[in-house]
Amino acid sequence: MERAPINPYLAILVGVVGAAFSSIFTRLAAAPPMVIAFYRLGFTVLMIAPFALSGGRRELRAMGRRDVVLACLSGILLALHFTSWISSLNYTSIASSTVLVTMQPLFVVVGGYLIFKEKIARIGLLGAAMALTGSIIVGIGDFQVGGQALWGDILAFAGAVFIAGYVLIGRGLRNHLSLVPYIFLVYGASALTLLLGCLCTATPLYPYPPLSWLWFFLLALVPTIFGHTLFNWALRYVKAAVVSVSILGEPVGATVLAYFIFHQIPSPMQLIGGAVIITGLAIFIRAAVK
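In this text the structure is predicted, and so the values were computed from the model without any measurement.

Visitor: Looking at this structure, how should I read the packing of helix α1 (residues 8-20) against helix α11 (residues 210-234)?
Guide: In a packed pair of helices, the relevant descriptors are the angle between the two axes and the axis-to-axis distance. Between α1 and α11, whose axes approach to 8 Å, the crossing angle comes to 150 degrees. The orientation of α1 relative to α11 falls into the category roughly antiparallel. Relative to α11, the crossing made by α1 is left-handed. From α1, Pro8, Ala11, Ile12, Val14, Gly15, Val16, Gly18 and Ala19 reach across to α11, where they touch Val222, Pro223, Phe226, Gly227, Leu230, Phe231, Trp233 and Ala234.

Shown next as structure tokens:
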């Protein structure tokens, strides 16, 4: 595996902190889920376009058809992830939604082993299992047998399936593609998919409150540029499972932010779950570093 110019685990940690703001900014934006996702990716594409079309132009032109198709598929999965996950926030709590959408390591660990032969030490698997258990503990108070919360939980879990596919494709392509050309294609395909979705469902792209445009921009800058993009960068240097399991730290950050911004007081179970997540992540990452 290629040696990283900087510590990839530090980059992942920064990415987790950035990603924790995603549910907060999304809840603050007064717009339909698909519109929020479209502007999030649209603004991101605008930010990286100057770099992709200057320094990355030659690589984009030389990219093979298979790589282009897979990158676009990754973008479509990302669009489906955002749409289903953001929709879930309208039906269930930030804690439950974030917990369920971060169940994706279940799929990534299996996929990483089957596709890339990426093995995880037993102690690492134990840490991952602890982190997943902590995630369940965090959101278990919101799980219901019926009603709106159940629908929100289903949407969030679907988002986990979609993001797992996105991560696994990224793991394969980032082995030989540079970061900026890759994310330009992925985010571009995602934004186009979301735009088509808005047009097909007659979802208005405007007008929205002025403050919502600020949240759209911050969604692009913080959880996408300093979240997803850092995860995509790290995929070249670490196993897909490392990135995937590390994202389980997001519910902890999101719950803390929800407390300060929305005054959503975490329950004792959520505090216990957060401690279990952090412990599990420490065990997993320590095993992965060896």
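Moving on from the model shown.
Visitor: Is there a simple way to explain the nonpolar core in this structure?
Guide: General note: in soluble globular proteins, nonpolar side chains tend to be found buried as a group. In terms of nonpolar packing, the biggest core is built from 83 residues, with Ile12, Leu78, Tyr166, Tyr187 and Val243 touching the most fellow members. Per-element accounting of this core gives the leading share, eleven residues, to helix α3 (residues 33-52). Residues contacting tyrosine 166, with those up to four places away along its chain left out, are Ser74, Leu77, Leu78, Tyr182, Val186, Tyr187, His228 and Asn232.

Visitor: Would you take a moment to explain the packing of aromatic side chains for this structure?
Guide: A ring pair, where both rings are aromatic, is described by two values, the distance of the centres and the angle of the planes. Across all of its chains, the model carries eleven aromatic pairs by this definition. Residues phenylalanine 25 and tryptophan 215 carry aromatic rings whose centres are separated by 5.6 Å and whose planes lie at 20 degrees to one another, so their mutual orientation is stacked. Of the two residues, phenylalanine 25 is situated in helix α2 (residues 22-28) and tryptophan 215 in helix α11; the sequence distance between them amounts to 190 residues. Taking relative accessible area as the criterion, tryptophan 215 reaches 15% and is therefore assigned buried. Seen from their ring centres, phenylalanine 107 and phenylalanine 157 are 5.9 Å apart, and the 65 degrees between their planes marks the pair as edge-to-face. Taken together, the positions of phenylalanine 107 in helix α7 (residues 105-116) and phenylalanine 157 in helix α9 (residues 148-173) put the pair 50 residues apart, joining distant regions of the chain. A network of ring pairs unites the aromatic residues Phe38, Tyr39, Phe43, Tyr208, Trp213 and Phe216 as a single cluster. Residue placement shows arginine 27 over the ring face of phenylalanine 262; its charged tip is 6.0 Å from the ring centre.

Visitor: Help me out: how do you make sense of unusual backbone geometry in this one?
Guide: Note on backbone geometry: most residues besides glycine have negative phi, and most peptide bonds are trans. A cis amide bond links tyrosine 206 to the next residue, proline 207, at an omega of -5 degrees. Checked against the element boundaries, proline 207 lands in the loop between α10 (179-200) and α11. Unlike most non-glycine residues, lysine 117 shows phi in positive territory, near 60 degrees. The topology assignment puts lysine 117 in the loop between α7 and α8 (122-139). Relative accessible area serves as the criterion here: at 60%, lysine 117 is assigned to the exposed category. Phi angles above zero are rare outside glycine, and alanine 202 is one such case at about 55 degrees. Mapped onto the fold, alanine 202 is located in the loop between α10 and α11. Residue alanine 202 is classed as exposed on the basis of its relative accessible area, which comes to 67%.

So, how was this worked out
- Residues numbered from 1 in each chain as written.
- Predicted model: local features only at pLDDT ≥ 70, side-chain atom pairs only at ≥ 80, totals over all residues.
- Heavy atoms only, no water.
- Axes fitted to C-alpha atoms, helices over the stretch in contact; angles between N-to-C directions.
- Helix = DSSP H or I, 4+ residues; strand = E, 2+ residues; numbered from the N terminus.
- Parallel < 35°, antiparallel > 145°, perpendicular 65-115°, else oblique.
- Left-handed = near helix turned anticlockwise from the far one by under 90°.
- Contact = heavy atoms within 4.5 Å.
- Core = buried A, V, L, I, M, F, W, Y, C linked by side-chain atoms within 4.5 Å.
- Buried < 20%, exposed > 50% of the residue type's maximum accessible area, 1.4 Å probe, protein only.
- Phe/Tyr/Trp six-rings, centres within 6.5 Å; stacked < 30°, edge-to-face > 60°.
- Lys NZ or Arg CZ within 6 Å of the ring centre and 35° of its normal.

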